[in-house]
Each structure stands twice: as structure tokens, then as C-alpha cells.
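Structural overview
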Amino acid sequence: MTDNAELSPVIVERASEQLRQERETFDQAKAHDHWWFVLRLAMGFSSVVLLVAVMVVSGYILFNASDFPVQVVTAAGAALFVDVLGMLIGVWKVALNPRSVSKLQPTTQSSIPDAAS
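Model, not experiment: these values are computed from the prediction.

Once that is clear, we can look at the overall build of the chain. Scanning the chain from N- to C-terminus turns up three helices and zero strands. Listing each helix as α and each strand as β along the chain from the N terminus yields α-α-α. Across the 117 residues in the chain, those meeting the buried criterion constitute 10%.

A contiguous nonpolar surface patch, about 550 Å² in accessible area, is contributed by Trp35, Phe37, Val38, Leu41 and Phe45. Here Phe37 shows up in helix 2 (residues 9–63).

This next bit is on the side chain of Ser58. One can find Ser58 in helix 2. The class of Ser58 is buried, set by a relative accessible area of 5%. In contact with Ser58, other than residues within four places in its own chain, are Ala76, Ala79 and Leu80.

Applying the stated criterion across every chain yields a total of two salt bridges. Among the salt bridges present, the one from Arg20 reaches Glu17, with a minimum N-O distance of 2.5 Å. Of the two residues, Arg20 and Glu17 both sit in helix 2, three residues apart, roughly one turn of that helix. Note that Glu24 is salt-bridged to Arg20, the shortest N-O span being 2.4 Å. With Glu24 and Arg20 both in helix 2 and four residues apart, the pair spans about one turn of that helix.

Moving on to the packing of aromatic side chains. Within the structure shown, the criterion is met by one aromatic pair. Residues Tyr60 and Phe68 carry aromatic rings whose centres are separated by 6.2 Å and whose planes lie at 80° to one another, so their mutual orientation is edge-to-face. Note on Phe68: relative accessible area 27%, which makes it partly exposed.

The rules behind these values
- Residues numbered from 1 in each chain as written.
- Predicted model: local features only at pLDDT ≥ 70, side-chain atom pairs only at ≥ 80, totals over all residues.
- Heavy atoms only, no water.
- Helix = DSSP H or I, 4+ residues; strand = E, 2+ residues; numbered from the N terminus.
- Buried < 20%, exposed > 50% of the residue type's maximum accessible area, 1.4 Å probe, protein only.
- Patch = residues over 30% accessible without salt bridge, like charges linked within 9 Å, V, L, I, M, F, W, Y side chains within 5 Å.
- Areas by Shrake-Rupley, 256 points an atom, 1.4 Å probe, with all protein chains shown as cover.
- Salt bridge = Lys/Arg side-chain N within 4 Å of Asp/Glu carboxyl O.
- Contact = heavy atoms within 4.5 Å.
- Phe/Tyr/Trp six-rings, centres within 6.5 Å; stacked < 30°, edge-to-face > 60°.

In C-alpha cells:
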């Protein structure tokens, strides 16, 4: 059998279709990865803004404790503590954890018979 017989039009067409589907799969995974990155970035920025807002309000209440009831001062201290702790845990779980970052990999697998075999 010659090499041309092994690469029939059906085999070439199947390989072409497989490559097209693998390319679409990779492009979809790439777009999915991009949007997760954008979401993590947006969540990170909004959590920083929220943390600063809570710190400013809680700090004002704590530094002017005599102007507020004891319950408000206690709530401000608890909110500050919980928000900082939550921010640290959230940043680790969402942004810094190496397992949360997906890695793009090639999806192509050749189905054309090797000429050397």
C-alpha cells in the first residue's frame, strides 16, 4: 500500500474536522479563562474599595468612641476585625491560591497516520 492510499480524502477530512473542533474547544477555554480573570480582578478591586470604606467608617467610630454608644463601638470593632480577616482569606482563596488559576493546554491530537510507521 502506498502513502497516498493511507491518506484518503475521508481521513484528511476527519483530521481537518477534528482540528477545527479542537481549535474551537481551545478558543472557548481561552475565552472562559479570560472572563474568570476579569471577574477575579473586579472582585479584588471591589473588595479593596469595600475594605477601605469599612476601615474608614470603623476607624472614625473607634477613634471617636465617646460620641457613640458602646454597642456601636463594639460593632465597629467587630466589623473591622471580620472584614480584614475575610479579606485576607478571600484574597488567598480567589487570587493567590495557585490551584484556582487554570492553565491552558494544547487540545490537538493528530489522527493522521504517521508516514514513518
